[in-house]
Amino acid sequence: MSQKKMTAIALAFMSVALFAGCTSMHKSESAGQFVDSSVITSKVKAKLLADDQVQSLPITVKTYKNTVQLSGFVSTPQQKIRAEAIARSVEGVEAVNDALVVKN
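In this convention, every chain numbers its residues from 1, walking through the sequence in written order. Totals for whole chains, interfaces and linings use every residue, but because this is a predicted model, local features are given only for residues with pLDDT of at least 70 and side-chain atom pairs only at 80 or more, for both listing and counting. The basis for the side-chain values is all heavy atoms of the structure; hydrogens and waters are excluded.

**As for the confidence of the model for the protein**
Part 1 of the argument: The share of residues in the protein with pLDDT of 70 or more is 70%, and the mean pLDDT across the chain is 80.
Part 2 of the argument: Confidence of the predictor at the level of single residues is captured by pLDDT, which takes values from 0 to 100. Only runs of H or I of at least four residues qualify as helices and only runs of E of at least two qualify as strands under DSSP, and these elements are numbered from the N terminus. Element-level pLDDT for the protein is lowest in helix H1 (residues 3-19), with a mean of 57, against a maximum mean of 95 in helix H3 (residues 77-88).
Part 3 of the argument: Every residue in residues 18-26 scores below 50 in pLDDT, and together they form seven contacts with partners more than four places removed in sequence or on other chains. Whether two residues are in contact is decided by their heavy atoms, any of which lying within 4.5 Å being enough.

**Focus on the side chain of Asp51**
Part 1 of the argument: Within the secondary structure, Asp51 is located in the loop between helix H2 (31-50) and strand S1 (59-64).
Part 2 of the argument: Per-residue accessibility, obtained with a 1.4 Å probe over protein chains only, is compared with the maximum for each type, and a residue is labelled buried under 20%, exposed over 50%, and partly exposed between these values. You can call Asp51 buried: its relative accessible area is 11%.
Part 3 of the argument: At 2.6 Å, the side chain of Asp51 and the side chain of Arg82 are in polar contact.
Part 4 of the argument: Not counting residues within four places of it along the chain, the set of residues in contact with Asp51 comprises Arg82 and Ile86. Two N or O atoms form a polar contact when they lie within 3.5 Å of each other; inside protein one atom must be a possible hydrogen donor and the other a possible acceptor, and for residues adjacent in sequence the pair counts only when both atoms belong to side chains.

**Structural notes on unusual backbone geometry**
Part 1 of the argument: With a phi close to 50 degrees, Lys65 is a non-glycine residue in the positive phi region.
Part 2 of the argument: Counting through the fold element by element, Lys65 comes out in the loop between S1 and strand S2 (67-74).
Part 3 of the argument: In this model, Asn66 sits at a positive phi of 70 degrees, which is unusual for a non-glycine residue.
Part 4 of the argument: Along the chain, the position of Asn66 falls in the loop between S1 and S2.

In structure tokens, the structure reads:
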């Protein structure tokens, strides 16, 4: 996937996150932290979508105070490892909680 396409996807996710309104996480994070979390979530999602190994998998990404939580299903242990590595590679991510389940 081209850099322009990744940037467009990331901007789309950020727009949705910023204009989606208040969530329960917003009540526990400052406004700045909420925006930072939204940006991190968008970047992780964009990188997952750009990766050939995990792009079509149903992976949910949530971020709270620089900790990313991955949840959903993957087909192989390698996809689980890859998704976590992608999340860790995003600037600003301090920790990743990997709740991905490998389907049998």
